Amino acid sequence: MTSTLPGSPFLAYRDGALHLEDVRLQDVAAQHGTPLFVYSKAAMLSALAAYQRGFQGRRAKVHYAMKANSSLAVLQVFANAGCGFDIVSGGELERVLAAGGQAKDVIFSGVGKTRAEMRQALTAGISCFNVESEAELDVLNEVAVACGKTAPVSLRVNPNVDPKTHPYISTGLKGNKFGVAHERTLQAYQHAASLPGLKVVGIDCHIGSQITTIEPYVDAVDKVLDLVVQIEAAGIPIHHLDFGGGLGIDYNGDTPPAADALWARLLARLDERGFGDRQLMIEPGRSLVGNAGVCLAEVQFLKPGETKNFCIIDAAMNDLPRPAMYEAFHQIVPLSVRTGAGAVYDVVGPVCESGDWIGRDRSLSVQAGDLLAVLSAGAYCMSMASNYNTRGRAAEVLVDGATVHLIRQRETVQDQMRGEQLVG
Ligand code: LLP
């Protein structure tokens, strides 16, 4: 018997055992230990295919926002599938190159690029700097002139659209640090066009993350197009339009539009306004990898309490920081279905913080030693993992059909102490 879980068609119970693609997750945990991130290659490619379907027949490029999951083998999957990359640091650029990606397919976002990072990206030959302030234009110009290069630039505009998501991940509203204010955009473009080390190539926006409705995107498209009209009327051509990332995934019965449905609607709007044949770019992160991954953990102890029962697992806030940071919800399910009455638990990790919880008030039928899967853990989990409490970061595996590839070894204490020194 097969029953599929929400979020990913590649994750299902077969005869009571949770499988990702054709791999029984208990077997992977037995082989590689826990906590363990397990990703499905087919799930990533199928998420990408939805965008590719949406853009069929258009001039469009998907730049995977690799902050969501920057593990080399994950980047390799997307590089081989023809994606470019949206990076936010020099380190991310090095990862792209190490994974077989090419600098010409890279765009560089972020509010605080250093001069060294600008030089590194110029020398590598990236395709565009997504500039986030007028001050950054001046510094990038200086760096480019000093290197004898011209920096291709797009300005990230802040369309002042409410994406109706968590305040920490909404980025397109007035009053947050991202982008150039709508009202200052024309001036900023005129300034950019006057600088000898810069070449204006595009415009971009990114309004937030885990967006589950189409409307904020339609608003953002309209506002960006209004700006393009203004900027081009001032004699500055805009070659590409980049609408950022942000499409949400199903964590807990969320119903974001499918990527192709979203783009059918946005392309219709672009066509209506006469911009349908422009070079388009997007920067999705979460929607490409979020539902492609799970984190496996073992139940260490059950601890009944007067007001709460605790289920203490071996994964913690250092592996899965989203609940502690955003009160985010991740489903937690057993790898092997146990019959019998369960209880309601707070599922927590071993880290010495009350904020170290992974799920609250979850009905589970479990015993110590059981294995659990924390779902929708492909995005913003491993890439945000830390060594807090001197916990080594988890191992990662990539599943491809029935094949299991170890893509990152479990971090050892020696790995963690490398580079540290005693005094004297
Ligand atoms: N482009 C830019 C400029 C971004 O800042 C981001 C994400 C993306 C693209 C990709 O957005 P996505 O498609 O993944 O929503 N750690 C948070 C999410 C932070 C998102 C930051 N920016 C979380 O775990 O919910």
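Conventions used here
- Residues numbered from 1 in each chain as written.
- Predicted model: local features only at pLDDT ≥ 70, side-chain atom pairs only at ≥ 80, totals over all residues.
- Heavy atoms only, no water.
- Buried < 20%, exposed > 50% of the residue type's maximum accessible area, 1.4 Å probe, protein only.
- Helix = DSSP H or I, 4+ residues; strand = E, 2+ residues; numbered from the N terminus.
- Pairing = 2+ DSSP bridges.
- Phe/Tyr/Trp six-rings, centres within 6.5 Å; stacked < 30°, edge-to-face > 60°.
- Domains from an automatic or database assignment.
- Contact = heavy atoms within 4.5 Å.
- Expected span 1.5 Å × (residues − 1).
- Arc of directions from axis to C-beta.
- Polar contact = N/O pair within 3.5 Å; in protein donor to acceptor, adjacent residues only side chain to side chain.
- Near = heavy atom within 4 Å.
- Areas by Shrake-Rupley, 256 points an atom, 1.4 Å probe, with all protein chains shown as cover.
- Nonpolar A, V, L, I, M, F, W, Y, C, P; charged D, E, K, R; others polar.
- Axes fitted to C-alpha atoms, helices over the stretch in contact; angles between N-to-C directions.
- Parallel < 35°, antiparallel > 145°, perpendicular 65-115°, else oblique.
- Core = buried A, V, L, I, M, F, W, Y, C linked by side-chain atoms within 4.5 Å.

## Re the pairing of strand β21 (residues 395–400)
- Judged by how many residues are buried, β21 sits mostly within the fold: five of six residues are covered.
- Bridge analysis of strand β5 (residues 36–40) against β21 gives five bridges, and the strand direction is parallel. The partner of S40 across the bridge, within β21, is V399.
- For β21 and strand β22 (residues 403–408), the ladder comprises five bridges, and the chain directions are antiparallel. Across the sheet, the residue bridging to V399 is V404, located in β22.

## Regarding the packing of aromatic side chains
- This structure, assessed with the given rule, holds six aromatic pairs.
- Seen from their ring centres, F55 and W263 are 4.8 Å apart, and the 45° between their planes marks the pair as tilted. Within this pair, whereas F55 is found in the loop between α2 (41–54) and β6 (60–65), its partner W263 is found in helix α9 (residues 259–272), the two being separated by 208 residues in sequence.
- Under the relative-accessibility criterion, F55 is labelled buried at 7%.

## Notes on the domain arrangement of the protein
- Assigned domains of the protein: these are domain 1 (2–40 + 290–417) and domain 2 (109–284).
- Centre-to-centre separation of domain 1 and domain 2, based on C-alpha positions: 35 Å.

## Regarding the environment of G392
- Inspection of the secondary structure puts G392 in the loop between β20 (371–374) and β21.
- Considering only alpha carbons, one finds G392 and Q414, 22 residues apart in sequence, at a separation of 9.5 Å.
- When neighbours within four sequence positions are excluded, G392 is seen to be in contact with N318, D319, N387, E411 and Q416.

## As for helix α6 (residues 134–147)
- The end-to-end C-alpha separation of α6 is 20 Å, in line with the 20 Å expected for 14 residues at 1.5 Å each.
- Looking at the packing, one finds that the buried side of α6 touches α5 (115–124), β9 (128–131), β10 (151–158), α7 (185–194) and β12 (198–204).
- G148 sits one or two residues past α6 and shows a positive phi near 70°.

## So, α2
- A rise of 1.5 Å per residue sets the reference length of α2, with its 14 residues, at 20 Å; its end C-alpha atoms lie 20 Å apart and thus fit the reference within 8%.
- Those residues of α2 not exposed but buried are A43, M44, A47, L48, A50, Y51 and G54. The arc that holds the buried residues of α2, viewed along the axis, is 140°, so those residues lie on one side.
- Taking the backbone nitrogen of A42 as reference, a side-chain oxygen 3.4 Å away marks S40 as the first, capping residue of α2.

## Points about the environment of A259
- Within the secondary structure layout, A259 lies in helix α9.
- Since its relative accessible area comes to 6%, A259 is described here as buried.
- Along the primary structure A259 and E92 are separated by 167 residues, whereas in three dimensions their C-alpha atoms are 25 Å apart.
- Leave out the neighbours within four places in its chain, and A259 touches A50, Y51 and L247.

## Examining the site of the ligand
- Neighbouring the ligand are 18 residues; S209, E283, R322, Y326 and Y380 lie closest to it.
- In this structure, an oxygen atom belonging to the ligand sits 3.5 Å away from a side-chain N or O atom of K67.
- Its free accessible area being 590 Å², the ligand has 91% of it covered by the protein chains.
- Among the residues making up the shell around the ligand, the classes are represented as six nonpolar, six polar and six charged.
- Two domains each put at least three residues into the shell around the ligand: domain 1 (2–40 + 290–417) and domain 2 (109–284).

## A word on the packing of helix α4 (residues 90–98) against α5
- Running from N to C, α4 and α5 cross one another at 30°; their axes reach a closest spacing of 9 Å. Considering the angle they form, α4 stands roughly parallel to α5. Together, G90, L93 and E94 of α4 and E117, Q120, A121 and A124 of α5 make up the contact between the two elements.
- A class-by-class count of the residues in the contact of α4 with α5 yields three nonpolar, two polar and two charged.

## Points about the nonpolar core
- If you look at the biggest cluster of nonpolar residues, it comprises 103 residues, and the most contacted ones within it are Y64, F78, F129, I203, L241, W263 and L270.
- The leading source of residues in this core is helix α8 (residues 215–233), at nine residues.
- Looking at which domains feed residues into this core, each of domain 1 (2–40 + 290–417) and domain 2 (109–284) supplies at least three.
- Those residues in contact with L241 that lie beyond four places of it in its chain are I203, L225, V228, L270, F275, R278, Q279, L280 and M281.

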